[in-house]
2 protein chains.
Amino acid sequence: MKLLEDKIKKLGHVKEGDVLKVDAFLNHQIDPVLLDKMADEFIKIYSDKKFTKVFTIETSGIAIAYPVAQKLGIPLVFAKKSESINIDGELYSSKVISYTHFREFNVIVSKKFLSENDDVLIIDDFLANGSALRGLLSICKQANVKVEGIGIAIEKHFQKGGQELRSEGYRIESLAMIDKIDAKTNTIVFHK
Amino acid sequence: MKLLEDKIKKLGHVKEGDVLKVDAFLNHQIDPVLLDKMADEFIKIYSDKKFTKVFTIETSGIAIAYPVAQKLGIPLVFAKKSESINIDGELYSSKVISYTHFREFNVIVSKKFLSENDDVLIIDDFLANGSALRGLLSICKQANVKVEGIGIAIEKHFQKGGQELRSEGYRIESLAMIDKIDAKTNTIVFHK
């Protein structure tokens, strides 16, 4: 999506450790004009599908997922991050390793909000090694929901998450795919 | 706002310790149809004001603030919660005590995203003792921004936060005001 790529080029910052900071428009300050257009794009890409719920993970996924759920007129469910495992029978939970924050956490979802009748569209901000996405997919499996599609804002195509998950049969659509980033020169090369 | 009150009556659950759970539509599963109408209401209430930014705090504030920023066509900035104090000169920070989670945390905002030219509308999900809101107001003060209005989804009017802050001169508009909740009978009494 050219609009998102242009925004990343203009306002994105590459930091050491293959970190791409997009806090000016995506995950600290949020540009709703851009996110609305991203939502339109996700909906266009998946126009052949029917969804009953949009599913994401706090925190950065929420603002990206909101306009998608809004435009589709369906509920948005977000998985919560939790330090402690709190399996009281009423929660789905899965373990996620954050490479950005060098820690492990659990993602939890109340069983009330995902059920086997649901067809979900998973939305998230970044896809790199795929750990967070695998956490969400594990919860979908526990809940017996059908994952009809996955929409990602920015995929780090040079990391293995997206390719591995696609080879396992998941349909993943990323609005911006990055082949290479370089902190020294602040270079961002998009996948063509 | 009758629509929100009806939703709280229908789907809200009162738990011990004056906790009102609204996770079915506001802060775990999100009903975008309701939140869009809440955004319209905030905008109507503050139609006499001009804002340059909507300001909230992660996590539950984001989905409520998004449609407000979207409809106003202005950026949304959310404060981040941080366990550690990380004052590197590039951040505004403030301390907040969470009575729900029995812990203290810092809220931080990058200096890039709030400046003295901004007129902000603060949006949040709950107002009870006012600790989170005071954290946001402290950051606004540090950033020299003008707080032109505060919009709250649910105010626990039986706690002191709202009344204290109003007496200090802040304009706070809450879409649902609760006078009393009782866990034993799951009773919710709205302020008339």
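Before reading on, note that the structure itself is shown above.
Residues numbered from 1 in each chain as written. Chains lettered and ligands numbered in written order. Predicted model: local features only at pLDDT ≥ 70, side-chain atom pairs only at ≥ 80, totals over all residues. Heavy atoms only, no water.

(A) The arrangement of the relation of the copies chain B and chain A in detail. Once turned by 180° and shifted 0.0 Å along the axis, chain B lies on chain A with an RMSD of 0.0 Å. One copy is carried onto the other by what is essentially a two-fold rotation axis. Interface overlap between copies is the fraction of interface residues in one copy that are interface residues in the other; for chain B against chain A it reaches 100%, indicating a shared surface. (Least-squares fit on C-alpha atoms with pLDDT ≥ 70 in both. Contact = heavy atoms within 4.5 Å.)

(B) Summary view of the interface of chain B and chain A. Each partner contributes residues to the interface: chain B has 29 residues there, and chain A has 29 residues. In this assembly, chain B packs against chain A so that about 2,600 Å² is buried in total across both faces, 61% of it on carbon and sulfur atoms. On the chain B side of the contact with chain A, His28, Gln29 and Tyr66 of chain B bury the most area, a combined 28% of that side's loss. One can count two salt bridges joining chain B with chain A. Seen at the junction of chain B and chain A, the total is 19 residue pairs in polar contact (both at pLDDT 80 or more). Elements with a minimum of two residues in the side of chain B that touches chain A: strand 3 (29-30), helix 2 (32-45), helix 3 (60-72), strand 5 (76-82) and strand 7 (103-110) of chain B. Per-class residue counts for the side of chain B that touches chain A are 17 nonpolar, six polar and six charged. Of the pairings in the sheet, the one linking strand 3 (residues 29-30) of chain A to strand 5 of chain B comprises two bridges and is antiparallel in character. (Buried area = accessible area lost by both parts, 1.4 Å probe. Salt bridge = Lys/Arg side-chain N within 4 Å of Asp/Glu carboxyl O. Polar contact = N/O pair within 3.5 Å; in protein donor to acceptor, adjacent residues only side chain to side chain. Helix = DSSP H or I, 4+ residues; strand = E, 2+ residues; numbered from the N terminus. Nonpolar A, V, L, I, M, F, W, Y, C, P; charged D, E, K, R; others polar. Pairing = 2+ DSSP bridges.)

(C) Just the packing of helix 2 (residues 32-45) of chain A against helix 3 (residues 60-72) of chain A, in detail. Residue and element names in this part refer to chain A. Between helix 2 and helix 3, the shortest axis-to-axis distance is 8 Å and the interhelical angle comes to 60°. One element, helix 2, and the other, helix 3, form an angle in the oblique class. Pair helix 2 / helix 3 crosses with right-handed handedness. Here helix 2 contributes Leu35, Asp36, Met38, Ala39, Asp40, Phe42 and Ile43 to the contact with helix 3, which in turn contributes Ala63, Ile64, Pro67, Val68, Lys71 and Leu72. Grouping the amino acids of the contact of helix 2 with helix 3 by side-chain chemistry returns ten nonpolar, no polar and three charged. (Axes fitted to C-alpha atoms, helices over the stretch in contact; angles between N-to-C directions. Parallel < 35°, antiparallel > 145°, perpendicular 65-115°, else oblique. Left-handed = near helix turned anticlockwise from the far one by under 90°.)

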